[in-house]
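The lines below spell out each chain.
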Amino acid sequence: MARVGTALRELRGAQKSAKGVSLYSRFVNRPAGRYLAAVSYGLGLTPNQVTLVSAAFSFAAVAAVALAAPSWGLGLAVWAALAAGFAFDSADGQLARLRGGGSAAGEWLDHVVDAAKLTALHACVLIAFFRFPDAYGTGSDGWLLVPLGFQFAAVVTFFGGLLTEKLKPKAAPGSPAAAPSTLRAVALLPVDYGVFCLVFLLLGGGELFRWAYAGLGAVAALFLLAFLAKWFRELSAVRR
């Protein structure tokens, strides 16, 4: 326990900047990840092992969406597993910083798992819409395009944001970090992965889930257009 307590104290002073982070990630997911990182440190786990724990929770939830008939109990279980996977996804990076820094292989594994779970989750919603049309009210083939569109927006946003961070010049060492914007943190809530996971609590509602999921998909598409314009404008000023 002493080892875990020491780790928690060190992690409080080793958090990444909150700039560009939604309120959910800042005040829910990162603190949860901090505790999981401290416990993982006490257990002697490596960051890569924590990444695999995150993957196990996430893909168990993904499989359940595709294979099980929708119900309120399933929705609760899927949300809990996705939320746990997201928290462990935050924990692996925090654990790496606690241990003195991560590796290129660890960062690669983390991003590959993130891309895989994002792609698989929307694919499994499509499968669920196809397998249980009466429960979801998706008898029309047009509804099967919704998860494909949502998947497109989510994957391009993920890749575009990642690539933008790699291409933008790094801040000079010792330069003060920009203060996080509360308004931006609130505005980003609709496209935060943790907020998206909450929609699966509505699985038992069938058509209610379908409409909520479609609504978040439409918002994701609008945000994608805004992000692409912003990122292109920022990178236009960068000379390589």
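Calculation rules
- Residues numbered from 1 in each chain as written.
- Predicted model: local features only at pLDDT ≥ 70, side-chain atom pairs only at ≥ 80, totals over all residues.
- Heavy atoms only, no water.
- Helix = DSSP H or I, 4+ residues; strand = E, 2+ residues; numbered from the N terminus.
- Buried < 20%, exposed > 50% of the residue type's maximum accessible area, 1.4 Å probe, protein only.
- Contact = heavy atoms within 4.5 Å.
- Areas by Shrake-Rupley, 256 points an atom, 1.4 Å probe, with all protein chains shown as cover.
- pLDDT = per-residue confidence, 0-100.
- Phe/Tyr/Trp six-rings, centres within 6.5 Å; stacked < 30°, edge-to-face > 60°.
- Lys NZ or Arg CZ within 6 Å of the ring centre and 35° of its normal.

S.K.: Can you help me understand the overall build of the chain in this one?
M.R.: Tallying secondary structure elements over the chain gives ten helices and zero strands in all. When its helices and strands are written in sequence order, the chain yields α-α-α-α-α-α-α-α-α-α. Across the 240 residues in the chain, those meeting the buried criterion constitute 39%. The contacts of the chain with a sequence gap of at least 6 include a subset with a gap of at least 24, amounting to 82%. Per element, the accessible surface of the chain, about 12500 Å² overall, is 70% carbon and sulfur.

S.K.: Would you mind showing me how to read the confidence of the model for the chain here?
M.R.: Regions with low pLDDT should not have their predicted coordinates read in detail. When pLDDT is averaged across the chain, the result is 89; 87% of the residues are at 70 or more. At the level of individual helices and strands, the chain shows its lowest average pLDDT in helix α1 (residues 2-12), which scores 65, and its highest in helix α3 (residues 47-67), which scores 97.

S.K.: Can you walk me through the side chain of Ser 90 in this structure?
M.R.: Note that Ser 90 resides in helix α4 (residues 72-98). For Ser 90, the contacting residues outside a window of four places in its chain are Asn 29, Arg 30 and Gly 33.

S.K.: I keep staring at the environment of Gly 137 and nothing clicks. Help me out?
M.R.: Topologically, Gly 137 is positioned in the loop between α6 (133-136) and α7 (145-167). For the pair formed by Gly 137 and Gly 206, sequence separation is 69 residues and the distance between their alpha carbons is 7.2 Å.

S.K.: Mind showing me how you'd approach the packing of aromatic side chains here?
M.R.: Enumeration over the complete set of coordinates arrives at 17 aromatic pairs. Consider the rings of Phe 196 and Tyr 213, whose centres lie 6.4 Å apart with planes at 50°: the pair is tilted. With Phe 196 in helix α9 (residues 193-197) and Tyr 213 in helix α10 (residues 207-236), this pair connects stretches of sequence that are 17 residues apart. A residue is classified by how much of its surface remains accessible, and Phe 196, at 7% relative accessible area, is buried. Pairwise contacts between aromatic rings join Tyr 24, Phe 86, Phe 129, Tyr 136, Phe 150, Tyr 193, Phe 196, Phe 200, Phe 209 and Tyr 213 into one cluster. The ring of Trp 143 is capped by Arg 210, whose NZ or CZ atom sits 4.2 Å from the centre of that ring.

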